[in-house]
Amino acid sequence: MHKVTSLPSDDAQPGWYYTSAPRHPKPSHTGNTKTRWAVVGAGYTGLAATRQLALNFPDEEIVLVEAQEVGFGTAGRSAGFAIDLPHDIGSKDYIGEIGTAKTILKLNRTGQSILRSIVEKHGIECHLQESGKYQAAIEERGNAILHAYQRGLEKLEEPSEIIEAKELAEHIGTSFYCKALYMPGTLLLQPSALVKGLADTLPPNVMLCENTPIIEVEYGKKTILIHSCGRIIADKLVLANNAFSMHFGFLRRTMLPIFLYASLTRPLTDEEQAQLGGKPFWGVIPADPYGSTIRRTHDNRILVRNSFSFNPDGRPRQYYLERFVRQHQESFDRRFPMLPAVKFDYTWSGSLALSQNHEGFFGQLAPNVYGALCCNGLGITRGTVTGTLLADWLAGKRNDLIDFLLASPGPNKLPPEPFLSIGVNATLWLGQRKAGKES
């Protein structure tokens, strides 16, 4: 018997959740259920794996277990960028080895295609738009990053455009940035609305159990998932819970639960929209990875996302929220001085599962236990495609993308505590200091 050592418990004000259409959560699991397949985690990976398992095995029931309510947790707390391009920050041109970059591009675009197809088929109202993204810089260091990345994209034969400050202000309203690299392939969406829609359109042979945190697991010929009101006995288990898989006994000391913080304003008035100008819907990511991500949403709010913390147990901390909301307001005020009366309605945190070597896990964890884990900040596209491909692999299918994922060495081992926390916290502090005006 393995006791699960930490459970999700996200903070209470995720703006995307409250500004998306409400839904009725599925009931918590009770009693004893026997099933061929159990999936833990109803984020992008778990929803994709469950959907594809249900399609591959239409005569078998799949039980999908979520510790919280769908759309409230990590998957509904991102900035809502479904990104296609590779971005290897360890390489000078941010592309790296061209063959690997092309495969990653194919993976990400397959994830985009899967999502686009499901959204269109089921009419999911998640405000998905093929808007592209702006990667914007303020200082010379950031400008150099943009030009290096553009050279890498040229090697990859992918389109991009450098937009100078004056023209950029016509795109996004603010004249804060000196330059941006525009890349047309990114999809922008409302992440909580997407996750809710994906959950409510699962095939009929899926039993979704929300608000069912697993507290103990017994591994063996069958896996027994134990919670406060019953048990789920599965022939095969799929873990799609990213860093929380470490608390299920797998990939210990390989993933970093890094929390990012976001705030969402009230809707802009008609007068404020006129003062801002620019396009009605756009997304900006920073040239420096420690800078601010900014979005103008479909309902005319502004999202600000920046500031990091390392929470080893995968759970948020209230004092970080209270500290970082002030940083968000400062970041907003620097970019939008024409909107002095605009304040935030919501502030929240959301976690990323990162590995030191930027590799995820895909495949078998133990007899009858499988996983697609550690999306390294690309949960929307990468989670969707790896969850789908894992279900295909479990159905006996193979292709070049499955082979690529199976060949990954997986996340590497991290140093023990206290050295890990000291090193990660020092790296985050230094990175945020160096981001300068881009924070």
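Everything here concerns the structure above.
Residues numbered from 1 in each chain as written. Predicted model: local features only at pLDDT ≥ 70, side-chain atom pairs only at ≥ 80, totals over all residues. Heavy atoms only, no water.

Visitor: Would you mind showing me how to read the packing of helix α2 (residues 44-56) against helix α6 (residues 191-200) here?
Guide: Geometry of a packed helix pair, given as the angle between the helix axes and the separation of the axes. Following both chains from N to C, one finds α2 and α6 inclined at 25°, their axes separated by 10 Å at the closest point. By the angle between their directions, the pair α2 and α6 is classed as roughly parallel. Seen from above, α2 lies across α6 with left-handed handedness. Between α2 and α6, the residues in contact are Tyr44, Leu47 and Arg51 and Pro191, Leu194, Val195, Leu198 and Ala199, respectively. Per-class residue counts for the contact of α2 with α6 are seven nonpolar, no polar and one charged. (Axes fitted to C-alpha atoms, helices over the stretch in contact; angles between N-to-C directions. Helix = DSSP H or I, 4+ residues; strand = E, 2+ residues; numbered from the N terminus. Parallel < 35°, antiparallel > 145°, perpendicular 65-115°, else oblique. Left-handed = near helix turned anticlockwise from the far one by under 90°. Contact = heavy atoms within 4.5 Å. Nonpolar A, V, L, I, M, F, W, Y, C, P; charged D, E, K, R; others polar.)

Visitor: Help me understand helix α8 (residues 318-335), please; the structure alone is not making it clear to me.
Guide: With 18 residues, α8 extends 26 Å between its outermost C-alpha atoms, agreeing within 8% with the 26 Å of an ideal straight helix rising 1.5 Å per residue. Three or more residues of α8 are buried, namely Tyr320, Leu321, Phe324, His328, Gln329, Ser331, Phe332 and Arg335. Next to the buried residues of α8 lie β13 (256-265), β15 (293-296), β16 (302-310) and β17 (344-354). (Expected span 1.5 Å × (residues − 1). Buried < 20%, exposed > 50% of the residue type's maximum accessible area, 1.4 Å probe, protein only.)

Visitor: Please explain the pattern of salt bridges as it appears in this structure.
Guide: Charged atoms that come close allow side chains of opposite charge to pair. In total, this model carries 19 salt bridges according to the counting rule given. Between arginine 36 and aspartate 235 there is a salt bridge, and its shortest N-O distance comes to 3.7 Å. Placement of the pair is arginine 36 in strand β2 (residues 31-40) and aspartate 235 in strand β12 (residues 230-239), with a sequence separation of 199 residues. Overall, the relative accessible area of 34% leaves arginine 36 in the partly exposed class. Since its relative accessible area comes to 21%, aspartate 235 is described here as partly exposed. Aspartate 400 is the partner of lysine 106 in a salt bridge, and the nearest nitrogen-oxygen pair spans 2.8 Å. Linking lysine 106 in helix α3 (residues 98-122) with aspartate 400 in helix α10 (residues 400-406), this pair joins segments that are 294 residues apart in sequence. Residue classification places aspartate 400 among the partly exposed positions, given a relative accessible area of 44%. Through salt bridges that share partners, Arg36, Glu60, Lys222 and Asp235 make up one connected network. (Salt bridge = Lys/Arg side-chain N within 4 Å of Asp/Glu carboxyl O.)

Visitor: Would you take a moment to explain the layout of surface pockets for this structure?
Guide: Summary: where empty space remains is shown by rolling a probe the size of a single water molecule over the atoms. Estimated volume of the second largest pocket: approximately 370 Å³. In terms of lining residues, the second largest pocket is bounded by 17 residues, among which Ser307, Phe308, Arg323, Phe324 and Gln432 are the most central. Contributing elements (two or more residues each) for the lining of the second largest pocket: β16, α8 and α11 (419-434). With six residues, α8 is the single largest residue contributor to the lining of the second largest pocket. Split by residue class, the lining of the second largest pocket holds six nonpolar, seven polar and four charged. (1 Å grid on protein atoms, 1.4 Å probe; cavity = no way out; pocket = protein on both sides within 12 Å on 5 of 7 lines; lining within 4 Å. Points joined across faces, edges and corners; volume = space filled by probe spheres on them.)

Visitor: Explanation requested: the pairing of β17 in the structure shown.
Guide: In summary, the side chains of a regular strand alternate between the two faces of the sheet. Of all eleven residues in β17, nine are buried, a share of seventy percent or more. When β13 meets β17, the two strands line up antiparallel, connected through ten bridges. Residue pairing in the sheet places phenylalanine 259 in a bridge with serine 351 of β17. (Pairing = 2+ DSSP bridges.)

Visitor: Quick question: what am I supposed to make of the pairing of strand β18 (residues 361-366) here?
Guide: Relative to strand β19 (residues 369-373), β18 runs antiparallel, the two sharing five bridges. Bridge pairing in β19 links phenylalanine 361 to leucine 373.

Visitor: Even after reading the chapter, I still don't get the packing of aromatic side chains, so can you show me in this structure?
Guide: In total, this model carries 17 aromatic pairs according to the counting rule given. Seen from their ring centres, tryptophan 37 and phenylalanine 57 are 5.1 Å apart, and the 35° between their planes marks the pair as tilted. One end of the pair, tryptophan 37, is in strand β2; the other, phenylalanine 57, is in the loop between α2 and β3 (62-65), with 20 residues separating them in the sequence. Assigned by exposure class, tryptophan 37 and phenylalanine 57 land together as buried. Aromatic side chains phenylalanine 332 and phenylalanine 344 sit 6.0 Å apart centroid to centroid with 75° between the ring planes, which places their arrangement in the edge-to-face category. Of this pair, phenylalanine 332 sits in helix α8 while phenylalanine 344 sits in strand β17; the two residues are twelve residues apart in sequence, bridging distant segments of the chain. Here phenylalanine 332 and phenylalanine 344 have matching classes, each one buried. (Phe/Tyr/Trp six-rings, centres within 6.5 Å; stacked < 30°, edge-to-face > 60°.)

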